[in-house]
Amino acid sequence: MKFAYRFSNLLGAVYRQGNLNFSKDGNAVISPVGNRISVFDLKNNTSETLPFSTTKNITCVGLSPDGSLAIVVDEDGAAVLVSLITRAILHHFHFHKPVSSIRFSPDGRKFIVTKENVALMYHAPGKKREFNAFVLDKSYYGPYDETTCIDWTDDSKCFVVGSKDMSTWVFGAERWANLIYYSLGGHKDIIVGCFFEKDSLDLYTVSQDGTLCVWESDTELDGLILKKSQDKPKIPRQGEEEEEEEGEERDKVEGEEGEVIRGKVETAKEREKKKNVRYKMMSKHFFNKEGDFNNLTAAAYHKPNHILVTGFASGIFHLHELPEFNLIHSLSISDQRIASVAINSSGDWIGFGCSRMGQLLVWEWQSESYVFKQQGHFNNMASLAYSPDGQYIVTGGDDSKVKVWNTNTGLCFVTFTEHTSSVTNVTFTSSGFVIVSASLDGTVRAFDLHRYRNFRTFTSPWPAQFSSLAVDVSGELVSAGAQDSFEIFLWSMQTGRLLEVLAGHEGPVSCLCFSPVQSVLASCSWDRTVRLWDMLDSWQTKETLPLTSDGLAVTYRADGQELAVATLNGEISFWNPHTATQNGSVAGRHDLQTGRKETDKITAKQSAKGKSFTSLCYSADGESVLAGGQSKFVCIYNIKEQMLMKKFEISCNLSFDAMEEFLDRRKMTEFGSLALVDEGAGDGDGVSISLPGVRRGDMSSRHFRPEIRVSSLRFSPTGRSWAATTTEGLLVYSLDGSLVFDPYDLDLDVTPASIRKQLRLQEWASAIVLAFRLNEKALKQEVLEKVPHEQIPVVCGSLPDIYVEKLLGFIATCLEKSGHLQFYMTWAQNLLMLHGQKLKNRSGAILPTLQALQKSIQRHFDDLSKLCDFNIYNIRYAVALSKQRGLKRAAEEETEDQEEEDEELSEEMNAFQIS
């Protein structure tokens, strides 16, 4: 159970490439992120990454009309059929060539896949279990270049395919007598989008040069005539079946020259009745072009509202009403090309994906406001840190940004952009409301999470590039190590003044770490030493620990009684900081198991000799250490046994470099590896990368593949999860207790039946003990929720000490998601009140449990406080409104009484005058 961590969520990236999709209800965006799929719930403001991955980056996703199935295709054409209900892979298939687009028919019975210049129609997978979920129905040939887009008619009778050869082809999904295929021209550039009008064969086509053509058909959908079968079963000619499946050449000829029905040639009247469908261009419109690179890159059309959305390479999008081509509005949402556009089912929300910036935006066009706006680090992430309660994660990246993510929702809620160069390290202070970051721009900055501002900027007396950072337990001392001057700078958080410059290292300072219990700073350097600096005694060197190789990472255990150091030779050594003695070491170079780059001249085995761990982190209980570095593996070592407990493969994405141990022989030629050949001058989207000032990759190469590596690791303070910043993004791994059977002190008598028997006898404490011995989550929750509310203090008092901590941890887990707030809070309160002193004596061991409990309570407090404040304001408004109405009613009654008195007085006067 301790090492049963499973991939939980992918943060730090929201969109990479491929097409966006909205869910059936229109409340969630399905976005491809590398080789994974993320689902962003726009109503509840949460994100979820589906628990599967492809072998390469995903290029297109097709969603079934009922929203239950998705077909995901990667760069090589490998496809997986996924259930969006169970989140499980149902089928694997390979198209053997890159797929440009995929689309289900509106009735859900067929789907079209376009690859190269062919459109393939498959029978859609049904609800029953099938041996082969992908059954080819027909193949459609016509375009002379690669196909780009697809659209279906509303009744699934026909579909249209756009191509790079500037033509658009309309095909019949069935064997229609008057429509087999129809080719449309009229464009001078690649077709980006083609769309049918609602319940019609009328067409709109959009090309990359910003041209829109409106096509009108002379036939309605009801006018399509099904081709009749012949009476005589004719003997199939050799290769006829192949002809039908490959291109329907025979159908094309028969459709143009007439066909024989029942042995008679058709009469002119019959031929007139089922004349072929014809198209006519009604109008041609042009989008405003602002420059040579303002190509139209993405388009989407909402049929019920007749709205066309187009995205451009300059980051601008236009909203037009068709067929009149009236501009509704235009907006610039990015300075990079818009790669994908999608509209939800109601037509209110428009999703945009910008692949270069890693942006995902959802825009509500009627109110002209953002519904959702997220952007990951568009360069590598360098470091991360958990907040003390485990609710937030802060990340720093090479794009000079500092981002804060909510672990519950998986979304970024604030971005700090004050740094002007790569952020090398980030950390939280012990209060959890201040973030400190170090950067290569020569500054260390402190950010306030209450007002979201940069309230302190620490600088050195002379220019220095800071590569390491540490803040002491009190949050008062901030230290940063320089990689060029070999010095450590110390500042006061309160005043912002430089307190001291610590000199002594003879190489760049690679890592800093404060002791959690003392004012002692540990610094690790390339000079093969770890120095311990006493902050209370004039900042003198307390101890110097000699290392066998250059030091790369250092970290303290949570109780401050042990120090772990990673060195360049791939070893992790453990030290006692009080006696300056080494307790043990782990040789982890073979566990890294690095891969071979495509351009490497040596084997992976030889290159592994230069690899090492660059990031270390103790687990919450201090019994194990987490290590990662220049590899796709993260290793967990048991410190006491000094052995490898588990290896996590953080990615299986072959789009990254150094993933495979051996090079593919098919890529080797007599002139060397094909990876060394520079193919073309573009990056696949028509925009060439200029060599000077390239932000990513080798500046001498126009093409590059990022190398897989782990730059930073951190355990959550709750002990329930850990996170790693990698080339792929910020990966979060969590404990999944529901899938692991981990009994404690199991016996033959401990069964679900015996536990429920104790419940019937109202032996609550005995039932709880038995449930925790069996250790099944559902059963533990059932037992706990059957205990009467008034019996909770009695049960808590009679529990054995060994089960108190287990019960407290289980309550912390349940409290996070359960709606029985008062019930579980009562349990927690009674356990802490009755066993507080005993728990205090073991505070170090149960600290993760208490932090998990605090995190759950804090989350409920934040949610309820907002709700209560909202209710208070509503009640105050209602009271004020009722008072105002009461005063108004009183004034009206007073006016009525006055009017009655005036009437009586006037009647008396009239009577007096008459008399």
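Just so you know, these numbers come straight off a predicted model, no measurement behind them.

Turning to the side chain of Thr-114, a few remarks are in order. Within the element layout of this structure, Thr-114 appears in strand β11 (residues 110–115). A polar side-chain atom of Thr-114 sits 2.7 Å from a polar atom in the side chain of Ser-100. Separated by 2.7 Å, the side chains of Thr-114 and Ser-101 make a polar contact. The residues contacting Thr-114, other than those within four sequence positions of it, are Val-99, Ser-100, Ser-101, Ala-119, Thr-147, Ile-150 and Val-161.

Here we take up the sheet that holds strand β8 (residues 78–83). Taken in spatial order, the four strands of this open sheet run β6-β7-β8-β9, and their pairing is antiparallel. A strand with exactly one partner marks an edge of an open sheet, and here the two such strands are β6 (58–63) and β9 (88–94). Each adjacent strand pair in this sheet contributes to an overall mean axis angle of 20°, direction not counted. Bridging between β8 and β9 involves six bridges; their strand directions are antiparallel. The partner of Leu-81 across the bridge, within β9, is His-91.

Okay, the packing of helix α8 (residues 777–786) against helix α10 (residues 801–817) next. The interhelical angle for the contact between α8 and α10, taken along N-to-C directions, is 95°, at an axis separation of 12 Å. Looking at the two axes, α8 sits roughly perpendicular to α10. Here α8 contributes Lys-777, Lys-780, Gln-781 and Leu-784 to the contact with α10, which in turn contributes Leu-807, Phe-810, Ile-811 and Cys-814. Split by residue class, the contact of α8 with α10 holds five nonpolar, one polar and two charged.

What follows deals with the pattern of salt bridges. The final tally for this structure, using the stated rule, is 18 salt bridges. Salt-bridge contacts for Lys-303 lead to Asp-151; the nearest nitrogen and oxygen are separated by 3.4 Å. Here Lys-303 is found in the loop between β24 (296–302) and β25 (307–312), whereas its partner Asp-151 is found in strand β14 (residues 147–152), with 152 residues between them in sequence. One salt bridge in this structure joins Asp-448 and Arg-451, with 3.6 Å as the shortest N-O distance. Classification of Asp-448 by relative accessible area gives buried; the value is 8%. Linked by salt bridges that have partners in common, Arg-103, Asp-151, Asp-154 and Lys-303 make up one network.

Think of an α-helix as turning once every 3.6 residues; residues three or four places apart then point the same way. Residues Ser-754, Ile-755, Gln-758 and Leu-759 constitute the buried set of helix α6 (residues 752–760). The buried residues of α6 occupy an angular sector of 150° when projected down its axis, which confines them to one face. In this structure, α6 carries Ala-753 and Arg-760 as exposed residues pointing more than 90 degrees from its buried face. For α6, the elements touching its buried residues are α7 (764–774) and α8. Remark: Gln-762 follows α6 within two positions and exhibits a positive phi of approximately 60°.

Now for the packing of α6 against α8. Axis separation between α6 and α8 bottoms out at 11 Å; the angle between their running directions is 5°. Looking at the two axes, α6 sits roughly parallel to α8. On α8, the residues touching Pro-752, Ile-755, Arg-756 and Leu-759 of α6 are Leu-779, Glu-782, Val-783 and Lys-786. When grouped by side-chain class, the residues that make up the contact of α6 with α8 number five nonpolar, no polar and three charged.

Here we come to the sheet that holds strand β50 (residues 571–576). Taken in spatial order, the four strands make up an open sheet running β48-β49-β50-β51, and their pairing is antiparallel. Whereas interior strands pair on both sides, the edge strands pair on one side only; in this sheet they are β48 (551–556) and β51 (581–587). With strand direction ignored, the average angle separating the axes of adjacent strands in the sheet is 20°. Of the strand pairs in this sheet, β50 and β51 are connected by six bridges, and their pairing is antiparallel. Of the residues in β51, the one forming a bridge with Ile-572 is Val-586.

The rules we used
- Think of each chain on its own: its residues are numbered from 1, step by step along the sequence as written.
- Predicted model: local features are reported for residues with pLDDT of at least 70 only, side-chain atom pairs are reported and counted for 80 or more only, and whole-chain, interface and lining totals are derived from all residues.
- Calculated side-chain values reflect all of the structure's heavy atoms, with hydrogen atoms and water omitted.
- Secondary structure elements follow DSSP: runs of H or I no shorter than four residues count as helices, runs of E no shorter than two count as strands, and numbering proceeds from the N terminus.
- Polar contact is the term for a pair of N or O atoms within 3.5 Å; when the atoms are in protein, one must be able to donate a hydrogen and the other to accept it, and sequence-neighboring residues count only if both atoms are side-chain atoms.
- Two residues qualify as a contact provided that any one of their heavy atoms is within 4.5 Å of a heavy atom in the partner residue.
- Between any two strands, at least two bridges found by DSSP are needed for them to pair.
- A fitted line through C-alpha atoms serves as each axis, taken over the contacting stretch for helices, and the angle formed by two N-to-C directions is quoted from 0 to 180°.
- Throughout, the term roughly parallel applies to angles under 35 degrees, roughly antiparallel to angles over 145, roughly perpendicular to angles from 65 to 115, and oblique to all others.
- When residues are sorted by character, Ala, Val, Leu, Ile, Met, Phe, Trp, Tyr, Cys and Pro go into the nonpolar class, Asp, Glu, Lys and Arg into the charged class, and all the rest, Gly among them, into the polar class.
- What counts as a salt bridge is simple: a side-chain nitrogen of Lys or Arg found within 4 Å of a carboxyl oxygen of Asp or Glu.
- For every residue, the accessible area obtained with a 1.4 Å probe (protein chains only) is divided by the maximum for its type, and the residue is called buried under 20%, exposed over 50%, and partly exposed between those limits.
- The reported arc concerns the directions from the helix axis to the C-beta atoms and nothing else.

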